[in-house]
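Each chain, letter by letter, is given below.
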Amino acid sequence: MPPQERITMTEADGVKVVRFVDRQLFDERTVREVADQIAAALPNDGKPINLVLDFSQVGLISSTLLSKLILLQRRIDGTHGKMRLCELSPVLQQVFRTSNLDRLFGIDRDLRSATEHLLS
């Protein structure tokens, strides 16, 4: 049985937007499937990738997901693209602040702001 869809991806104006289906991105299997599905949905042609990760449906994340996001950021950087995170709950914002990952990732309040950052 194939893994269930863990993300949805849309694209507008050259910006890909990933929304997470699951409320909790915590257990190993879910995190692995999320990372695999994002990786499979992104092109491998070397062109810059502009990506927004929308956390509006997510309430809980694991440290394993954080490490997957770091790897994803490196991949995006390798294409000379940009990645932004948006719609983080106060709890998730605190996770990123506590781990100092708010310095690595561009974090915006909402999707509109994240998209504007990528297009500017």
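Basis of the calculations
- Residues numbered from 1 in each chain as written.
- Predicted model: local features only at pLDDT ≥ 70, side-chain atom pairs only at ≥ 80, totals over all residues.
- Heavy atoms only, no water.
- Core = buried A, V, L, I, M, F, W, Y, C linked by side-chain atoms within 4.5 Å.
- Buried < 20%, exposed > 50% of the residue type's maximum accessible area, 1.4 Å probe, protein only.
- Helix = DSSP H or I, 4+ residues; strand = E, 2+ residues; numbered from the N terminus.
- Contact = heavy atoms within 4.5 Å.
- Pairing = 2+ DSSP bridges.
- Polar contact = N/O pair within 3.5 Å; in protein donor to acceptor, adjacent residues only side chain to side chain.

### Brief notes about the nonpolar core
Right, so step 1: In this structure, Phe20, Ile38, Leu51, Leu53, Phe55, Ile61 and Phe96 are the most contacted members of the largest nonpolar core, which totals 26 residues.
Right, so step 2: Mapped onto this core, the elements with two or more residues apiece are strand E2 (15–20), helix H1 (28–41), strand E4 (50–54), helix H2 (63–78), strand E6 (82–86) and helix H3 (90–98).
Right, so step 3: A total of five residues in this core trace back to one element, the largest contributor, which is H2.
Right, so step 4: In this view, Phe20 contacts Arg6, Ile7, Leu25, Val34, Ile38, Leu53, Asp54, Phe55, Gln57 and Val58; residues no more than four positions away in its chain are not counted.
Right, so step 5: Of all hydrophobic cores here, the second largest spans six residues; its members include Val15, Val52, Cys86 and Ala114.

### Describing the pairing of E2
Right, so step 1: For E2, the buried fraction is high: five of the six residues fall into the buried class.
Right, so step 2: Taken together, the six bridges between strand E1 (residues 7–12) and E2 define a ladder with antiparallel strand orientation. Following the sheet pairing, Ala12 is matched in E2 by Val15.
Right, so step 3: Joining the antiparallel neighbours E1 and E2 is a turn of two residues, in which Asp13 adopts a positive phi near 55 degrees.

### As for the side chain of Asn50
Right, so step 1: Summarising the element assignment, Asn50 is placed in strand E4.
Right, so step 2: Among the polar contacts made by the side chain of Asn50, one reaches the main-chain amide nitrogen of Lys82 at a distance of 3.3 Å.
Right, so step 3: Not counting chain neighbours up to four residues away, the residues in contact with Asn50 comprise Gly14, Val15, Lys16, Gly81, Lys82 and Leu118.

Nothing here speaks to function; it is geometry throughout.
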